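# Geometric and topological summary
For reference, the chains in residue letters:
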Amino acid sequence: MATTFGKRLQELRNSKKMTQADLGRVLKISASTIGMYETDKRQPNFEIEEAIADFFNVDLDYLRGKQDNPLQNMLSLSDIYPKNTSGFVKVPILGRVAAGVPIMAQEDVLGWEDVPADWAKNDVIFALKLKGDSMEPKMEEGDIVICRQQTDVDHGDIAVVMVNGDEATCKKISKSPDGITLISNNPKYLPMHYTNKDIEQLPVRILGRVIELRAKF
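Just so you know, these numbers come straight off a predicted model, no measurement behind them.

## Section: unusual backbone geometry
Cis geometry is adopted by the peptide bond preceding Pro137, which originates at Glu136 and carries an omega value of 10°. As for its position among the elements, Pro137 is in the loop between strand E5 (125-129) and strand E6 (144-149). Looking along the chain, the bond that leaves Leu202 and enters Pro203 is cis, with omega of -10°. Within the element layout of this structure, Pro203 appears in the loop between helix H7 (196-201) and strand E11 (204-214). Positive phi, normally seen in glycine, also occurs at Lys17, with a value near 55°. Along the chain, the position of Lys17 falls in the loop between helix H1 (5-15) and helix H2 (20-27).

Here is the structure:
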């Protein structure tokens, strides 16, 4: 959903656990100016917008609240990893997903998985190595999930979700008129419900839908 530049800037700053003064030092402007940006009382010039987008590694239209995909300006993985003779492309296995987007830095790539080339034709596909036991017994620590990057999923889908800027987690999504609930397969973990207000303010972000599980033995 669309949002304002100020709200998007505040979300990005909070995702890195930075104060307004911290961000001001990076951009060489005052904390009060950052505050005016975040309350939409003042709009930055293009150079400042570019500097903010570069620092948070997001697209300018995402920063301006015109789109929900922070990586809209990136090539699809089918462009980056060409189709091989067997009709597959390689996608990176990530050790973590944080800061609102799949981490693509080399140090975060644990390996590669082959997926059908058609999957990556029009979508960004990534793989994530699971941590913890919250999705046992069906999904165990060390298993690989193949994900399609998207900002919304259907009721009952399993998704990669980030809450309040923390490292993302894999959970089943239950939707209701007043919000969403993140559900673990493991009964020792209680469902986590977030109201529509929580979704906006924390924020709660869906980063991708799990489309395949690859268990490791």
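## Topic: the side chain of Ser134
The residue Ser134 is located in the loop between E5 and E6 in this model. Here Ser134 falls in the buried class, since its relative accessible area comes to 12%. Among the polar contacts listed, one links the side chain of Ser134 to the side chain of Lys171, at a separation of 3.1 Å. Not counting the four nearest positions on each side in its chain, Ser134 is found in contact with Cys170, Lys171, Ser184, Asn185, Asn186 and Tyr189.

## Focus on the sheet that holds strand E7 (residues 158-163)
Each strand in a sheet pairs with another by means of backbone hydrogen bonds, the pair being arranged parallel or else antiparallel. Strand order in the open sheet formed by 9 strands is E4-E1-E5-E6-E11-E7-E8-E9-E10, and the pairing between neighbours is mixed. Across the chains shown, the open sheet's two edge strands, defined by having one partner strand only, are strand E4 (109-116) and strand E10 (192-195). Each strand of the sheet is rotated relative to its neighbour by a mean of 40°, with strand direction disregarded. Pairing of strand E1 (residues 88-94) with E5, which is carried by 2 bridges, proceeds in the parallel orientation. Bridge assignment links Leu94 to a residue of E5, and that residue is Leu128.

The rules we used
- Residues numbered from 1 in each chain as written.
- Predicted model: local features only at pLDDT ≥ 70, side-chain atom pairs only at ≥ 80, totals over all residues.
- Heavy atoms only, no water.
- Helix = DSSP H or I, 4+ residues; strand = E, 2+ residues; numbered from the N terminus.
- Buried < 20%, exposed > 50% of the residue type's maximum accessible area, 1.4 Å probe, protein only.
- Polar contact = N/O pair within 3.5 Å; in protein donor to acceptor, adjacent residues only side chain to side chain.
- Contact = heavy atoms within 4.5 Å.
- Pairing = 2+ DSSP bridges.
- Axes fitted to C-alpha atoms, helices over the stretch in contact; angles between N-to-C directions.

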